[in-house]
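# Reading the structure
The chain contents come next:
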Amino acid sequence: MSPRIVLIGPMGVGKSTVGRLLAERLGVGYRDTDDDIVTAENRTVADIFVDDGEAAFRAIEKRAVRTALTEHEGVLALGGGSVLDADTRALLASRQVVYLSMEVEEAVRRTGLGAARPLLAVNPRKQWRELMQARRHLYEEVATAVVPTDGRTPEEVTEAVLDAL
Ligand code: S3P
């Protein structure tokens, strides 16, 4: 069993909202690796970052992604940084992977000051620019389809994903 569709892209791009809508439209289940991690660890992602650091979070995330890719048949949304891991990118190679993209200004607008997002706590606009620069090519590397989300509602993005499949 494996997910029919994997959603990747930066935090705040709408992976969870679009993922749920998509799963509903396709009549399949929805799963999110961030939720899996929170359930398994019984603490928030922000707490894991603060208590144990980003490297520890990435190790937990890597295991969660591998498990979800094996177990789940349906729509699976991955945390925005999961593509940083080369083994994870290799696992995605044989899948239908949709990259939900957005421009930096849209990201800043959507995530605001980012207080709840550990990677955006200091200077959101600068941090967004750096994040996008470092990750855009990784998303593109594993994506079988790219769906821009700027100025689109979750419903419109869902339609665009369905068109792109
Ligand atoms: C992260 C994205 C978050 C979460 C963590 C780190 C990232 O997931 O995993 O805060 O590195 O981009 P979402 O993309 O689901 O918000």
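Notes on the structure in this doc start here. (Residues numbered from 1 in each chain as written. Predicted model: local features only at pLDDT ≥ 70, side-chain atom pairs only at ≥ 80, totals over all residues.)

## Thoughts on the pairing of strand β1 (residues 5–8)
- Of the two faces of β1, the one holding Ile5 and Leu7 and the one holding Val6 and Ile8 are both buried throughout.
- The sheet contact formed by β1 and strand β3 (residues 74–77) spans 3 bridges and is parallel. What sits directly across from Leu7, in β3, is Ala77.
- Two elements, β1 and strand β4 (residues 97–101), share 3 bridges in a ladder whose sense is parallel. When the sheet's bridge partners are listed, Leu7 is paired in β4 with Val98. (Buried ≥ 20, exposed ≤ 12 C-beta atoms within 10 Å, placed from the backbone. Helix = DSSP H or I, 4+ residues; strand = E, 2+ residues; numbered from the N terminus. Pairing = 2+ DSSP bridges.)

## Details of the sheet that holds strand β2 (residues 29–32)
- In spatial order, the strands read β2-β3-β1-β4-β5; together these 5 strands make up an open sheet with parallel pairing. Across the chains shown, the open sheet's two edge strands, defined by having one partner strand only, are β2 and β5 (145–148). On average, each strand axis in the sheet is inclined to that of its neighbour by 20°, with strand direction left out of account.
- Note that β2 and β3 share 4 bridges and pair parallel. Considered in β3, the bridge of Gly29 is made with Gly74.
- Running over the sheet, helix α8 (residues 154–164) touches β4 and β5 and is turned about 160° from β5. (Axes fitted to C-alpha atoms, helices over the stretch in contact; angles between N-to-C directions. Contact = placed C-beta atoms within 7 Å.)

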